[in-house]
Amino acid sequence: MDNVITALVTKRKRLMDRKREIKAECDRQCREIDVEISDIDAAIEVVNKAVEPYLCPACGGTGNTRKCDAAGQMEDVECSSCHGTGIKMS
């Protein structure tokens, strides 16, 4: 009986140690991914600031605006200011 308990306790300890190692590796990888996401967010912010003066003020650079159709529902239509380019025309 004592040998069975010892074997079970030993196996449980090995499993707990393995679980702890897996969790530590997962946490490390998640931190690396978070750093990459932050870097991408910073790059997007730089690009957005660089192109902001050139974006169409009517549509915000999307090339589309929303309007109400005859049935009263909203639909996307080509921006009349930039003709769908998203770029300020004048």
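All values reported here derive from a predicted model rather than from experimental measurement. (Residues numbered from 1 in each chain as written. Predicted model: local features only at pLDDT ≥ 70, side-chain atom pairs only at ≥ 80, totals over all residues. Heavy atoms only, no water.)

J.: Explain the environment of Tyr54 residue by residue, including any values.
T.: Checked against the element boundaries, Tyr54 lands in the loop between helix H1 (2–51) and strand S1 (64–68). Classification of Tyr54 as exposed rests on a relative accessible area of 54%. A sequence separation of 40 residues divides Tyr54 from Arg14, and the C-alpha atoms of the two residues are 61 Å apart. Contacts of Tyr54, omitting those with residues within four sequence positions, involve Gly86, Ile87 and Lys88. (Helix = DSSP H or I, 4+ residues; strand = E, 2+ residues; numbered from the N terminus. Buried < 20%, exposed > 50% of the residue type's maximum accessible area, 1.4 Å probe, protein only. Contact = heavy atoms within 4.5 Å.)

J.: Report on the pattern of salt bridges, specifying residues and quantitative values.
T.: Following the criterion strictly, the structure yields 7 salt bridges and no others. Taking the shortest distance from any N to any O, the salt bridge between Asp17 and Lys13 comes out at 2.9 Å. Here Asp17 and its partner Lys13 are both found in helix H1, 4 residues apart, which amounts to about one turn of the helix. The exposure class assigned to Lys13 is exposed, which follows from its relative accessible area of 52%. For Asp76, the salt bridge identified is with Arg66, shortest N-O distance 3.2 Å. Taken as a pair, Asp76 in strand S2 (residues 74–78) and Arg66 in strand S1 lie far apart in primary sequence, 10 residues in all. Residue class for Asp76 comes out exposed when judged on its relative accessible area of 52%. Connected through shared salt-bridge partners, Lys13, Asp17 and Arg20 make up one network. (Salt bridge = Lys/Arg side-chain N within 4 Å of Asp/Glu carboxyl O.)

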